[in-house]
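This is what each chain is made of:
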Amino acid sequence: MDPIRSARSSRALYARPGRLPVVASDLGELRGPTSGTIELPHRLFWQADRRVDLDALGLLTWMYETVLTEAVQVDELRAWLHGPTLTRLWPQLYLPRGVRHAWEQRHPVLRARGIAA
């Protein structure tokens, strides 16, 4: 096998270099906030001002992208993501290929939403 292609293929599976994405086993367990202003933990977002207004669609989308890419524990997903909102936003989310692939493999409804969009 071509070593360059192999490196590209394996790299595509990561959320970040060297770290596999974390995926919830059931979208129903994602019961995070859906409105108002929240403050992400420093571990997920490294800025001094970590407040996010979830009523602003652009910020809500950005927060989902951040949590999906940065989470290292399923509990972080449960705390910050909401299953129906994730499904609704899925086609618009800009995610690393590995994150998108892992979530769509586990949750075919997301793949179907992405194809429909």
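From a predicted model like this one, the values you see are computed outputs, not experimental measurements. (Residues numbered from 1 in each chain as written. Predicted model: local features only at pLDDT ≥ 70, side-chain atom pairs only at ≥ 80, totals over all residues. Heavy atoms only, no water.)

J.: Can you break down the pattern of salt bridges residue by residue, with the values?
T.: The final tally for this structure, using the stated rule, is six salt bridges. Here R19 and E70 are joined by a salt bridge, their closest N and O atoms 3.8 Å apart. Here the residue R19 occupies a position in the loop between α1 (3-11) and β1 (37-39), and E70 occupies one in helix α2 (residues 57-70), the gap between them amounting to 51 residues. Put simply, R78 and D75 hold a salt bridge, and the shortest N to O gap is 2.5 Å. In this pair, R78 and D75 are both assigned in helix α3 (residues 74-80), three residues apart and thus about one turn of the helix distant. Connected through shared salt-bridge partners, E29, D75 and R78 make up one network. (Salt bridge = Lys/Arg side-chain N within 4 Å of Asp/Glu carboxyl O. Helix = DSSP H or I, 4+ residues; strand = E, 2+ residues; numbered from the N terminus.)

J.: For α2, give the residues involved together with the corresponding values.
T.: Compared with the 20 Å implied by 1.5 Å per residue over 14 residues, the 20 Å span of α2 between its first and last C-alpha is a close match. The buried fraction of α2 amounts to 10 of the 14 residues, a majority that puts the element mostly inside the structure. All of the buried residues along α2 are L60, T61, M63, Y64, E65, T66, V67, L68, T69 and E70. (Expected span 1.5 Å × (residues − 1). Buried < 20%, exposed > 50% of the residue type's maximum accessible area, 1.4 Å probe, protein only.)

J.: How would you summarise the packing of aromatic side chains if you had to cite specific residues and measurements?
T.: Evaluation of the coordinates by the stated rule reveals one aromatic pair. Ring centres 4.8 Å apart and planes at 80° place the aromatic pair F45 and W62 in the edge-to-face group. In this pair, F45 sits in the loop between β1 and β2 (51-53) while W62 sits in helix α2, placing the two residues 17 residues apart along the sequence. For W62, a relative accessible area of 28% gives the class partly exposed. Positioned over the ring face of W90 is R100, at 4.8 Å from the centre of the ring. (Phe/Tyr/Trp six-rings, centres within 6.5 Å; stacked < 30°, edge-to-face > 60°. Lys NZ or Arg CZ within 6 Å of the ring centre and 35° of its normal.)

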